[in-house]
Amino acid sequence: MKLDILLGLQWGDEGKGKVVDVLTPHYDVIARFQGGPNAGHTLEFNGLKHVLHIIPSGIFHQDKMNIIGNGVVIDPVIFQKEIESLEKMGFDPTKNLFISKKAHLILPTHKWIDAMLEEQKGEQKIGSTLKGIGPTYTDKIARNGFRVCDIIAPDFLDKFAVIYKKHSDLLIKNSYKPQDDITTVFTDWFNALQTILRFKLIDSEYEVNDYLKEEKKVLAEGAQGTLLDVDFGSYPFVTSSTTVAAGACTGLGVAPNRTGCVIGIVKAYCTRVGSGPFPTELFDETGEQLRKQGHEFGSTTGRARRCGWLDLVALKYTIMINGVTEMVLTKADVMDNFDTIKICTAYQIGEETTDRFPTEINADIKPVYKEFKGWKQNLSEEKDYENLPQAFKDYVAFIEKETGIPISIVSTGPDRSQTIIRA
Ligand code: GDP
Ligand code: IMO
Ligand code: MG
């Protein structure tokens, strides 16, 4: 079997969590490959709403295995809270969740360094979730990181002391004083390591490759979105991991020739949380309507998400980078009562019109829009694609024609059941 990959094609929050949950019955294993608790993946079913941060979105299907891959960064305290909350709901995640020994750990000092660096950036701040993501990946790349396997290493405390000293020297040098009580924070962090040790710690690269050899179906779950990728996103307003399909190879230890379908999740409009360029952003009543009707407030930080029209220039770029083979369109239902819906088909930059996504995205970019008549009908009630309004089907057909990629699933609401899988 080949590894299928599911990821976001915009700036995150496309509805990845919901779609992974819907697809899990078709897979044996769901494996997260990058990011950490900066992610917030929302799942809704049986009147229940749940947001996952580090744990893969297949966890509610108890007969399916879930893996936190080596590319993920784990905050033990947030992980512990996620586990406790699942246990309160009657689930026993120790049975269907394994953790890579090579995943890196977020220390409280990483979070303080994150806050310190953001503060120093002033107006240029990234709008980070302040979960310590950037500093943890920085330590990983600089070969100073602290991994899950270190928790059980005999020299655990020595390793911890080295990294702690490095961090505290940096914080002191910059006169950064954490708001939290240091002793309490570290006591909680050390206690939370015990929760990680309740799980089977694995060499996830062997595990995943073995599953594939045994003809088991494995889905790699991405976090964030391609436009937040450290290489291909709107740098420096990006996250610190490889959010694109190639990240599934490095984040799980699967060779490129063992990958299969790449399922790209696309929201029917665009949102972005945090700073950075956003060519189709709306600052008017329509933007407000998208935010309100789409409940566009961050799943992790509660911040209002910036909203704008669907951007095909950016979408074609992210499809290319990821080798997307099929798309899932989410949240079109949010625009059910819109008279007019727009899609950006090109950028006008000075005298030039282009459909290429530029490296430098600045205020000179003017989106060129194509207008569509709204379908003015409730999509969420419908189960059969053929019965959906023609205006909506025309809108879908236009996106497919422009991108050359089929939209195989249409999500028409936050609930698991509000999903139309096209034949
Ligand atoms: P993720 O980070 O990509 O998993 O997305 P988030 O969970 O952060 O944000 C997506 C939000 O939209 C969540 O509140 C979902 O419950 C919700 N959602 C997902 N799909 C749909 C959909 O098709 N329609 C509507 N109205 N809401 C959706
Ligand atoms: P999911 O998986 C949306 C954004 C932050 C900030 C930038 C860097 O739920 O789609 P970081 O905390 O990584 O230093 O933040 O990236 N960001 C996200 N935006 N969805 C996410 O994840 C995000 N994870 C990070 O808002 O602009
Ligand atoms: Mg999210």
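We now turn to the structure provided with this report. (Residues numbered from 1 in each chain as written. Chains lettered and ligands numbered in written order. Predicted model: local features only at pLDDT ≥ 70, side-chain atom pairs only at ≥ 80, totals over all residues. Heavy atoms only, no water.)

## Quick notes on the site of ligand 2
Neighbouring residues of ligand 2: 21 residues in total, closest D13, K16, H41, T129 and T239. One of the backbone nitrogen or oxygen atoms of G127 is found 3.4 Å away from an oxygen atom of ligand 2. Interatomic distance of 2.6 Å between a side-chain N/O atom of T239 and an oxygen atom of ligand 2. Considered on its own, ligand 2 offers 550 Å² of accessible surface; in the complex 97% of this is hidden by protein. (Near = heavy atom within 4 Å. Polar contact = N/O pair within 3.5 Å; in protein donor to acceptor, adjacent residues only side chain to side chain. Areas by Shrake-Rupley, 256 points an atom, 1.4 Å probe, with all protein chains shown as cover.)

## Quick look at the site of ligand 1
Near ligand 1 lie 20 residues; those nearest to it are K16, T42, S299, D333 and S411. Taking G15, its main chain carries an N or O atom lying 2.8 Å from an oxygen atom of ligand 1. One of the backbone nitrogen or oxygen atoms of G17 is found 2.8 Å away from an oxygen atom of ligand 1. Against a free-state accessible area of 580 Å², the protein chains account for coverage of 94% of ligand 1. For the shell around ligand 1, the residue count by class is two nonpolar, ten polar and eight charged. (Nonpolar A, V, L, I, M, F, W, Y, C, P; charged D, E, K, R; others polar.)

## A short note on the packing of aromatic side chains
Under the defined criterion, the tally for this structure stands at 24 aromatic pairs. Each member of the aromatic cluster is reached from another via a ring pair, and the members are W112, F146, F156, F160, Y164, F186, W189 and F190. If you follow R422 out to its NZ or CZ, it ends over the ring of Y385, 4.0 Å from the centre. (Phe/Tyr/Trp six-rings, centres within 6.5 Å; stacked < 30°, edge-to-face > 60°. Lys NZ or Arg CZ within 6 Å of the ring centre and 35° of its normal.)

## Looking at the nonpolar core
Counting 55 residues, the largest nonpolar core has L3, M327, L329, M335, F392, Y395 and I399 as the members making the most contacts within it. Setting aside residues up to four positions removed in sequence, M335 forms contacts with A268, Y269, L290, W309, I341, W375 and Y395. (Core = buried A, V, L, I, M, F, W, Y, C linked by side-chain atoms within 4.5 Å. Buried < 20%, exposed > 50% of the residue type's maximum accessible area, 1.4 Å probe, protein only. Contact = heavy atoms within 4.5 Å.)

## Quick notes on the pattern of salt bridges
For the structure on display, the rule yields 23 salt bridges. In this structure, D169 and K165 form a salt bridge, with 2.8 Å as the shortest nitrogen-oxygen distance. Residue D169 and its partner K165 are both found in helix α5 (residues 156-173); the two are separated by four residues, about one turn of the helix. Classification of D169 as partly exposed rests on a relative accessible area of 38%. The partner of R306 in a salt bridge is E281, and the shortest N-O contact between them spans 2.8 Å. Of the two residues, R306 is situated in strand β13 (residues 306-311) and E281 in the loop between β12 (269-272) and α9 (285-293); the sequence distance between them amounts to 25 residues. (Salt bridge = Lys/Arg side-chain N within 4 Å of Asp/Glu carboxyl O. Helix = DSSP H or I, 4+ residues; strand = E, 2+ residues; numbered from the N terminus.)

## Thoughts on the coordination of the magnesium ion (ligand 3)
Protein coordination of the magnesium ion (ligand 3) is provided by D13 (OD) and G40 (O), with donor distances spanning 2.1 to 2.2 Å. Of this pair, D13 sits in the loop between β1 (3-8) and α1 (16-23) while G40 sits in the loop between β2 (29-32) and β3 (41-45); the two residues are 27 residues apart in sequence, bridging distant segments of the chain. Note on D13: relative accessible area 22%, which makes it partly exposed. (Donors = N, O, S within 2.8 Å, 3.2 Å for Na, K, Ca; no water.)

## Concerning the pairing of strand β11 (residues 259-267)
Bridging between β1 and β11 involves five bridges; their strand directions are parallel. Opposite I5, over in β11, you have V262 as the bridge partner. By the bridge criterion, five bridges tie β11 to strand β14 (residues 326-330) in an arrangement that is parallel. Bridge pairing in β14 links G264 to M327. (Pairing = 2+ DSSP bridges.)

## Focus: the pairing of strand β4 (residues 48-52)
Bridge analysis of β3 against β4 gives five bridges, and the strand direction is antiparallel. Residue pairing across strands places L43 opposite H50, the latter belonging to β4. A loop of two residues connects β3 with β4, the two strands running antiparallel in sequence, and N46 in this loop sits at a positive phi of about 45°.

## Comments concerning the packing of helix α3 (residues 108-121) against helix α6 (residues 182-196)
Orientation of α3 relative to α6, taken along the N-to-C sense of each, is 130°, at an axis distance of 10 Å. In terms of their interaxial angle, α3 and α6 are classed as oblique. In this structure, α3 uses P108, T109 and W112 to contact α6, whose residues at the interface are I182, V185, F186 and W189. The class makeup of the residues in the contact of α3 with α6 is six nonpolar, one polar and no charged. (Axes fitted to C-alpha atoms, helices over the stretch in contact; angles between N-to-C directions. Parallel < 35°, antiparallel > 145°, perpendicular 65-115°, else oblique.)

## Side note on helix α4 (residues 133-141)
Along α4, the residues that are buried comprise I133, G134, P135, T136, Y137 and D139. Where α4 is buried, its residues touch β6 (73-74), β8 (104-105), α3 and α5. Just beyond α4, the residue with positive phi is R143, at close to 65°.

## A short note on unusual backbone geometry
Phi is mostly negative for residues that are not glycine, and the peptide bonds are mostly trans. Y235 connects to P236 through a cis peptide bond whose omega is 5°. Residue placement: P236 occurs in the loop between β10 (218-221) and α8 (245-252). At N46, a residue that is not glycine, the phi angle is positive and equals roughly 45°. Looking at the secondary structure, you find N46 in the loop between β3 and β4.

## Points about the side chain of E82
Assignment of secondary structure puts E82 in helix α2 (residues 76-88). Put simply, E82 is tucked away with no salt bridge, and the nearest opposite charge, on R32, sits 6.9 Å away. Sequence-distant contacts of E82, that is, excluding residues within four places in its chain, are made with V51, L52, H53, I54 and I55. (Lys, Arg positive; Asp, Glu negative; His and termini not counted.)

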